[in-house]
Amino acid sequence: MSADNTPPAPIRVLIADDEALVRAGFRVLVDSAPDLTVLGEASNGGEAVRLTRQLRPDVVLMDIRMPIMDGLEAMRHIAAGGVDGPHVLIVTTFDQDEHVFHALRSGASGFILKDSPPEQLLHAIRVVANGDALLTPSITRRMISAFARQPSAPSIPPGAVAALTDREREVFEHVAAGRSNAEIAATLCVSVATVKTHVGRLLTKLDVRDRAQLVVLAYETGIVVPGNL
């Protein structure tokens, strides 16, 4: 709470899914949490983009397979709005490697399956709204494998990586391994606040919006190599 005991504003959520029953279920679940609220619902990617621009949610729950415009294309349009845009949390029944890979490339901040426990979904919304990435070690390992199979040219100039300090590069490697700020702090024997500062500098220097994009860049630029973590 703030100094005047006023509770913080709830996290504003937009739900994008082509199934009406799924949208209704997510709305009931999200609205049941005192710190979350649903702003609206979209039944396809095009509508998700329009409502995102209109309602300016903090988090978009995005299905991948939708008519008219799929979730990946919708994310690309939403991400084009810049760093201050909403965070996208992919919620889907499809967990193949290619979906994780392409979702993160398109700008997703997290990835969760529709059959996850309700409390896990609520936690995921809070995590990505806070600017963190929802990347569990298992998802990270699968993404490493995807990058090993699909090498590509780095999307940032090499000079940006070369400009990192030794400590920033070290933190970068830990982030790429899917470790939380607390885990990194314990490993490096520094405070969590210090780790947050380093992560913030990485985001600024590498011109990316969140930790998920840092992980993508780590493998694209060779900061970490599959099999060496």
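Every chain is numbered independently, its residues counted from 1 as its sequence is written. Reporting in this predicted model follows two pLDDT cut-offs: at least 70 for local features of residues, and 80 or more for side-chain atom pairs to be given and counted; totals over whole chains, interfaces and linings ignore these cut-offs and use all residues. Each side-chain value is derived from all of the structure's non-hydrogen atoms; neither hydrogens nor water enter the calculation.

Honestly, the overall build of the protein chain in this entry has me stumped. Any pointers?
Scanning the protein chain from terminus to terminus reveals eleven helices and five strands. Between buried and exposed lies partly exposed: a residue is buried under 20% and exposed over 50% of the maximum accessible area for its type, with that area taken using a 1.4 Å probe on protein chains only. Evaluated residue by residue, the protein chain yields a buried proportion of 48% over its 229 residues. Any two residues whose heavy atoms approach within 4.5 Å are treated as being in contact. Once local pairs closer than 6 in sequence are excluded, the contacts in the protein chain between residues at least 24 apart make up 67%. Here a strand is any run of E in DSSP of at least two residues, a helix any run of H or I of at least four, and the numbering for each starts at the N terminus.

Sorry if this is basic, but what is going on with the nonpolar core here?
The definition of a nonpolar core used throughout is a set of buried Ala, Val, Leu, Ile, Met, Phe, Trp, Tyr and Cys residues joined through side-chain atoms within 4.5 Å. Of all hydrophobic cores here, the largest spans 22 residues; its most connected members are Phe172, Val175, Val199, Leu202, Leu206 and Leu214. Of all the elements in the fold, those that place two or more residues in this core are helix H7 (158–162), helix H8 (166–176), helix H9 (181–188), helix H10 (192–206) and helix H11 (211–220).

Can you walk me through H8 in this structure?
For the α-helix, the turn length of 3.6 residues means that residues three or four positions removed from each other point alike. Along H8, the residues that are buried comprise Glu168, Val171, Phe172, His174, Val175 and Ala176. Trailing H8 by a residue or two, Gly178 shows a phi angle of about 85°, which is positive.

So what exactly am I meant to see when it comes to the packing of helix H2 (residues 45–55) against helix H3 (residues 71–79) here?
Orientation is described by axes fitted as lines to C-alpha atoms, over the contacting stretch for helices, and by angles from 0 to 180 degrees between their N-to-C directions. Closest axis-to-axis distance for the H2/H3 pair is 8 Å, and the angle between their directions is 20°. Taken together, the axes of H2 and H3 are roughly parallel relative to one another. As for the relative orientation of H2 and H3, their crossing is right-handed in sense. Of H3, the residues touching H2 (which contributes Gly45, Val49, Thr52 and Arg53) are Ala74, His77 and Ile78. For the contact of H2 with H3, a count of residues per class yields three nonpolar, three polar and one charged. Here the angle decides the label: under 35 degrees means roughly parallel, over 145 means roughly antiparallel, 65 to 115 means roughly perpendicular, and every other value means oblique. By convention the crossing between two helices is left-handed if the near helix lies anticlockwise of the far one by an angle smaller than a right angle, and right-handed if it lies clockwise. Note on residue classes: Ala, Val, Leu, Ile, Met, Phe, Trp, Tyr, Cys and Pro are nonpolar, Asp, Glu, Lys and Arg are charged, and everything else, Gly too, is polar.

Got a minute to help me understand the sheet that holds strand E5 (residues 110–113) in this structure?
Paired through backbone hydrogen bonds, the strands of a sheet run either parallel or antiparallel to each other. Strand order in the open sheet formed by five strands is E2-E1-E3-E4-E5, with parallel pairing between adjacent strands. Either end of the sheet is taken by a strand with one partner, and the two such strands are strand E2 (36–42) and E5. Here the average twist between neighbouring strands, direction ignored, is 25°. The strands touched by helix H1 (residues 20–31) within the sheet are strand E1 (11–16), E2, strand E3 (59–62) and strand E4 (87–92), with E2 carrying the most contacts at an inclination of about 165°. Each of E1, E2, E3, E4 and E5 touches helix H5 (residues 118–129); the most contacted strand, E4, lies at about 155° to it. Two strands pair if DSSP finds at least two bridges between them.

Would you explain the pairing of E1 in this entry?
Within a regular beta strand, the side chains point alternately toward one face of the sheet and then the other, so they alternate between its two faces. Of all six residues making up E1, five are buried, and the element is well covered by its neighbours. Pairing of E1 with E2, which is carried by six bridges, proceeds in the parallel orientation. Across the sheet, Ile11 pairs through a bridge with Leu36, a residue of E2. A right-handed crossover is one whose linking path, passing over the helix from the first strand to the second, runs clockwise when the strands point away from the viewer. A crossover links E1 with its parallel partner E2, the connecting element being H1, and its sense is right-handed. Relative to E3, E1 runs parallel, the two being bridged by four bridges. Following the sheet pairing, Val13 is matched in E3 by Val59.

I would appreciate a short explanation of the packing of H1 against H5 in the present structure.
The contact between H1 and H5 brings their axes to 10 Å, and the two run at 70°. By the angle between their directions, the pair H1 and H5 is classed as roughly perpendicular. Contacts from Phe26, Leu29 and Val30 of H1 reach H5 at Pro118, Leu121, Leu122 and Ile125. Along the lines of polarity and charge, the residues of the contact of H1 with H5 split into seven nonpolar, no polar and no charged.

Would you take a moment to explain the side chain of Asn44 for this structure?
You can see Asn44 is positioned in the loop between E2 and H2. Here the side chain of Asn44 touches Gly46 through a polar contact of 3.0 Å, landing on its backbone nitrogen. Two N or O atoms count as a polar contact when they lie within 3.5 Å, although within protein this holds only if one can serve as hydrogen donor and the other as acceptor, and sequence-adjacent residues are included solely when both atoms are side-chain atoms. From its side chain, Asn44 meets the backbone nitrogen of Glu47 in a polar contact 2.8 Å long. Setting aside chain neighbours within four positions, we find Asn44 in contact with Met66, Pro67, Ile68 and Met69.

Limitation: the analysis is restricted to geometry and does not speak to function.
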